[in-house]
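So the chains spell out like this:
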Amino acid sequence: MSKKKMDKAPESGSLLVELLTEELPPKALSSVSQSFADEIFNGLVRHQLKLRDFSGRRVFATPRRLATLIPEVLAEAPDRASEVVGPSVKAPPEAVAGFARKNGVEIAALERRDTPKGAAFVARITLKGAVLDAVLADVVYDATRKLPIPKVMRWGEGEAQFVRPVHRLVMMHGKRVVPGTVLGVPAGNTTSGHRFMGADSIPLSNAGEYEAKLRKDGHVIADFAARKSEIERNLLAEAKRQKAGLGDYQDLLDEVTALVEFPTVYAGGFDASFLEVPQECLILTMRQNQKYFPLFDASGKLLPKFLIVSNMQVTDPRPIVSGNERVVRPRLEDARFFFNQDRKTRLEARVPQLAKVVFHNKLGSQLERTQRIKLLAGEIARSLRADVMQAERAAELSKADLLTAMVGEFPELQGVMGRYYALHDGEPREVADAIEQHYRPRFAGDKLPERPIACAVALADKVDTLAGLFSIGEQPTGDKDPFGLRRAALGVIRIVVENQLALSLWNLASAAFEPFKGKAQTDLQMFFTERMRSYFHERGYSANEVEAVLSLNPVAIALIPKQLEAVRAFSALPEAASLAAANKRIANILRQAESKGESFADADVSALKEPAEISLFQALQTASRSAKPLFDSGDFAGYLKAFASLKSPVDSFFDAVMVMTDDKKLRENRLALLTDMRKAMNRFSDISKLAA
């Protein structure tokens, strides 16, 4: 290559890639568009056509397009020097000549180089930089193959496969079209606007005008985030005009953003008589089936109104509004029918039918599971000094609503409908509330069951699931957790810890395993411990603080937050580092002594000889007397601080005293003194875990 070409800066400009398709899956649109843009960007970086600089990059996504605009993309990557290691210097001349010829250099230009395999010839070559026109189509095609989509389809007579049929492809670098074909579609500079309100063909004169021209001529807001913001602003404004609130609408907002290209918000309504149906049913019907935004009053009560996000902006919206009102009415009628029919059969009459519903083919039916939960919930309620009969009644009825028409239509309402039907049947409110709340927490950050009876049933339900599935070897592996056991274990921990329940996690697990003959109980205990580590790490405690408490396998896990705060307060003391290191040293000494078969009882003060060991014994006695009432009253921080006074006596002991002396009686007495100290200081946490 000539020096003149080498010195010339490669042409740089904005690159636009757009795939125009049929309607894409709305729930996956945001992630798919981001992945599409990322894969194209990474492909350009691999070919050295783009620096790894994300500034200025744009990602676009609408129901019918995936696109990205990347600034400062080179038309041709710069050439680069490289070295190729060839045959050994001892190789035949023919092999050396062939190597030189293959790499386009003279034999005389080869260099000798020492390598791990011995001296060899090396050719210095220049690798030609990638050309955008030659590689872009492959980069885009590779991006389409790596998208997070579970299924692809074929269309027409070709062999191309994608999540939806592709109709157009735009690939522009600055003002010119980059030639190429992707998924059987040749590249061009023509995009398409809104299906009804925009131009079908919108030619682009340069890549940079894509977004503005699409909005002006195509009535399409291509930027997903901008479109979402526009929808939210209009929803809030219309809700305010209706003197109402939107409730929890964020999840639906994302989905609706993926369904429209040029959104407009209209208000609709329904007959107020439908409000006799539990509002959860109506809300789910409108949100899930129709993608409407229900409206609520200030107290959170559903109003007979909803908002529609339409893909059409019209002067007279009455036909759109009335059409949607006609469509939603049969849905609401269905909900009312299900509700009325379900109430004709009492929940308790449905319980025997659970024998026909399989929970797991190795664990029996839902009826068998309900009977296990009933027994376990009664035991937990007894431990909590709650009403055992109500806990058992709630557990007995907890799964009955699975057989109702409403839950059959909307599985998300299990528990919710059970509460309504229980109240209709005349069950106590505590029982009805427990039926609803025993599924909590359903997800991270969800509300917890509020009262002891609800907590008893919720814990029984989750621990039975864990024990049963662990007993048949269905533990989570890697990132696979098909039965949601990590979520269930975390739910148990949250219920006990955050509700401050005086329950032993290990006793719960042991009781739950009784029907399964104790199989894999140790595995479940380890599983709970790992979940607790994660739980307390996420609450801001360090790994050493958490390990200090969990390493002692605490029984009353509701006390762990208070104990962790105590460990943290102790760590802040100036004496903490020295005492933690001393505890670690003591633990090592005792472990080695035990491995040698040493036996030692309580320290005998009369056998102590050295002033340093006598001083430590006396200081330990004084500190222990001060610490005991603090521990008994739950003042864990005060308990640990009481031992801060041991720093100097401990330091002096290790400076002046040989623990593993040849005198057997003296050695055993000193080991007993260290044992007493370790037991006294580590009643709820292992301080040695704080040592660096």
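Our subject is the structure listed above.
Note that the structure is predicted; figures quoted are calculated from it, not measured.

**Student:** Go over the overall build of the protein, please, and point to the residues and values.
**Tutor:** Across its full length, the protein carries 26 helices and 19 strands. Computed over C-alpha atoms, the radius of gyration of the protein comes to 36 Å, more than 25% over the 26 Å expected from 2.2 N^0.38 for 692 residues, which places it beyond the range of a compact globule. With respect to the principal axes defined by its C-alpha atoms, the protein has extents near 100 × 95 × 50 Å. For the protein, with 692 residues in total, the buried portion stands at 49%. In the protein, once contacts between residues fewer than 6 apart in sequence are set aside, the share between residues at least 24 apart is 68%.

**Student:** Go over the sheet that holds strand E4 (residues 80-88) with me, naming the residues and quoting the values.
**Tutor:** Reading across from one edge, E4-E6-E5 is the order of the 3 strands in this open sheet, with antiparallel pairing throughout. Either end of the sheet is taken by a strand with one partner, and the two such strands are E4 and strand E5 (111-115). On average, each strand axis in the sheet is tilted by 45 degrees relative to the strand beside it, whichever way the strands run. Looking at chain direction, E4 and strand E6 (residues 118-127) are connected through 7 bridges and run antiparallel. The residue bridging Arg80 from the neighbouring strand is Leu127, located in E6. Along the sheet, helix H3 (residues 93-102) contacts E4 and E6; its crossing angle with E4, the most-contacted strand, is approximately 165 degrees.

**Student:** Describe unusual backbone geometry, listing the residues and the values that go with them.
**Tutor:** Leave glycine aside and you will find that most residues have negative phi; peptide bonds, for their part, are mostly trans. A cis geometry characterises the amide bond from Arg440 onward to Pro441, with omega recorded as -10 degrees. The residue Pro441 is located in the loop between helix H15 (429-437) and helix H16 (452-471) in this model. Even without being a glycine, Glu72 presents a positive backbone phi close to 55 degrees. Tracing the chain through its elements places Glu72 in strand E3 (residues 65-74).

**Student:** Tell me what's going on with the nonpolar core, and back it up with residues and numbers.
**Tutor:** Note on soluble globular proteins: their nonpolar side chains tend to be buried together. Counting 136 residues, the largest nonpolar core has Met406, Leu466 and Leu646 as the members making the most contacts within it. Not counting chain neighbours up to four residues away, the residues in contact with Leu646 comprise Leu579, Ala619, Leu620, Ala623, Met677 and Met681. Within the second largest apolar cluster, 42 residues are counted, among which are Leu136, Ile149, Ala160 and Ala187.

**Student:** Tell me about the environment of Glu18, and name the residues and values.
**Tutor:** Within the fold, Glu18 resides in strand E1 (residues 12-21). Judged by its relative accessible area of 0%, Glu18 is buried. A sequence separation of 196 residues divides Glu18 from Leu214, and the C-alpha atoms of the two residues are 12 Å apart. Those residues in contact with Glu18 that sit more than four places away from it in its chain are Arg65, Leu66, Ala67, Arg168, Leu169, Val170, Thr191, Tyr210 and Leu214. Among the polar contacts listed, one links the side chain of Glu18 to the side chain of Thr191, at a separation of 2.8 Å.

**Student:** Go over the pairing of strand E2 (residues 58-62), please, and point to the residues and values.
**Tutor:** Burial analysis of E2 places 4 of its 5 residues in the buried class, which makes it a mostly covered element. Note: E2 against E3, 5 bridges, orientation antiparallel. The partner of Ala61 across the bridge, within E3, is Leu66. Where E2 folds back onto E3 in an antiparallel hairpin, the turn is made up of 2 residues.

**Student:** Which residues make up the packing of aromatic side chains, and what values go with them?
**Tutor:** Tallied over the full model, the rule gives 15 aromatic pairs. Centroid distance Phe41 to Phe54: 4.4 Å. Interplanar angle 20 degrees. Geometry classified as stacked. Taken together, the residues span a long stretch of sequence, with Phe41 in helix H2 (residues 29-46) and Phe54 in the loop between H2 and E2 at a distance of 13 residues. Through pairs of rings, three or more aromatic residues link up here, namely Phe631, Phe636, Tyr639, Phe643 and Phe684.

**Student:** Describe the pairing of strand E17 (residues 302-310), and please don't skip the residues or the numbers.
**Tutor:** Here E17 lies mainly inside the structure; 7 of its 9 residues are buried. In terms of strand pairing, strand E15 (residues 264-269) meets E17 through 6 bridges, oriented antiparallel. Bridged to Val265 within E17 is Val309. Note that strand E16 (residues 293-296) and E17 share 3 bridges and pair antiparallel. Each residue of the ladder has a partner; that of Phe293, found in E17, is Leu307.

Conventions and cut-offs
Residues numbered from 1 in each chain as written. Predicted model: local features only at pLDDT ≥ 70, side-chain atom pairs only at ≥ 80, totals over all residues. Heavy atoms only, no water. Helix = DSSP H or I, 4+ residues; strand = E, 2+ residues; numbered from the N terminus. Rg over C-alpha atoms; globule rule 2.2 N^0.38 Å. Buried < 20%, exposed > 50% of the residue type's maximum accessible area, 1.4 Å probe, protein only. Contact = heavy atoms within 4.5 Å. Pairing = 2+ DSSP bridges. Axes fitted to C-alpha atoms, helices over the stretch in contact; angles between N-to-C directions. Core = buried A, V, L, I, M, F, W, Y, C linked by side-chain atoms within 4.5 Å. Polar contact = N/O pair within 3.5 Å; in protein donor to acceptor, adjacent residues only side chain to side chain. Phe/Tyr/Trp six-rings, centres within 6.5 Å; stacked < 30°, edge-to-face > 60°.

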